[in-house]
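Here are the chains, one letter per residue:
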Amino acid sequence: MEKPWYKQFWPWFLMLIPFSVVIAMVITLSIASQYDNPMVVDDYYKKGRGINTQVEKVQAAQALNISFTLQQDAQTLTLVYKTGAPDELAALRVQFYHTTLKDKDFELILTADAKGVFRGQLPEDVAAEQGKWTLTISPFDNSWRLSQQVQLPAYRELTLQPLTYGV
């Protein structure tokens, strides 16, 4: 007489495969629901349309031939118009976006001194640790925009120019 099915090896082995997939799915779902992904955008269509206006602002900066030199000395950030300086120097909004950590993003408002040099103080954690940042510079009227990736801390003078890629 043969053994009943529940005492044989092969039925249990064949049932083990689908059960292991269910267990792996439960583990994957629990890990995925535990962490929030800030890279996912809900209103991607609206974001896509907004990119066109950003490109137009970069093109406006290119038409004005705007470029800056950036220097960093410890916590002090210095920006100077290299080309395309306007007659009246308005304050600049400089936004710093960390490439991977959204909670490290910050913004500086820089005003010019009598010589046309814009200075600001960087937070201590930015000045101390190395990292890749996207700097976005725009005037208060948002008539143009300059955005470029830089490595901070900057040990040499950098030239920032309006580039349309990576907008």
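Refer to the structure presented above.
Residues numbered from 1 in each chain as written. Predicted model: local features only at pLDDT ≥ 70, side-chain atom pairs only at ≥ 80, totals over all residues. Heavy atoms only, no water.

1. A word on the overall build of the protein chain
Assigned secondary structure in the protein chain consists of three helices and eight strands. Each helix and strand of the protein chain, placed in order from N terminus to C terminus, yields the pattern α-α-β-β-β-β-β-α-β-β-β. The burial tally for the protein chain puts 29% of its 167 residues in the buried class. Look at the contacts in the protein chain between residues 6 or more apart in sequence, and 53% of them connect residues 24 or more apart. (Helix = DSSP H or I, 4+ residues; strand = E, 2+ residues; numbered from the N terminus. Buried < 20%, exposed > 50% of the residue type's maximum accessible area, 1.4 Å probe, protein only. Contact = heavy atoms within 4.5 Å.)

2. A short note on the side chain of Thr-136
Residue position: Thr-136 is located in strand β6 (residues 131-139). By relative accessible area, which is 2% here, Thr-136 ends up buried. Thr-136 has contacts with Arg-93, Val-94, Gln-95, Tyr-97, Arg-145, Leu-146 and Ser-147, leaving out every residue within four places of it along the chain.

3. So, the pattern of salt bridges
Going through the model one piece at a time under the given rule, you end up with two salt bridges. Measuring nitrogen to oxygen at the nearest pair gives 2.9 Å for the salt bridge that ties Asp-113 to Arg-119. Of the residues examined, Asp-113 reaches a relative accessible area of 33% and is grouped as partly exposed. When its relative accessible area of 46% is taken as the criterion, Arg-119 is described as partly exposed. (Salt bridge = Lys/Arg side-chain N within 4 Å of Asp/Glu carboxyl O.)

4. Some remarks on the pairing of strand β2 (residues 76-83)
Both strand β1 (residues 67-73) and β2 contribute to a ladder of seven bridges, which runs antiparallel. Following the sheet pairing, Thr-69 is matched in β2 by Val-80. Linkage of β1 to β2, two consecutive antiparallel strands, is achieved through a turn of two residues, within which Ala-74 is found at a positive phi near 55 degrees. Relative to strand β5 (residues 117-121), β2 runs antiparallel, the two sharing five bridges. Residue pairing across strands places Leu-77 opposite Gly-120, the latter belonging to β5. (Pairing = 2+ DSSP bridges.)

5. Focus on the nonpolar core
By size, the foremost hydrophobic cluster in this structure holds 26 residues, and its most contacted members are Phe-68, Leu-79, Phe-96, Ile-137, Trp-144 and Leu-160. For this core, the secondary-structure elements that each account for two or more residues are β1, β2, β3 (92-98), β4 (106-112), β6, β7 (146-152) and β8 (158-160). Excluding anything up to four places from it in sequence, Phe-68 contacts Leu-79, Val-80, Tyr-81, Lys-82, Leu-92, Ile-137, Trp-144, Leu-146, Leu-158, Thr-159 and Leu-160. (Core = buried A, V, L, I, M, F, W, Y, C linked by side-chain atoms within 4.5 Å.)

Just distances and angles here, no functional claims.
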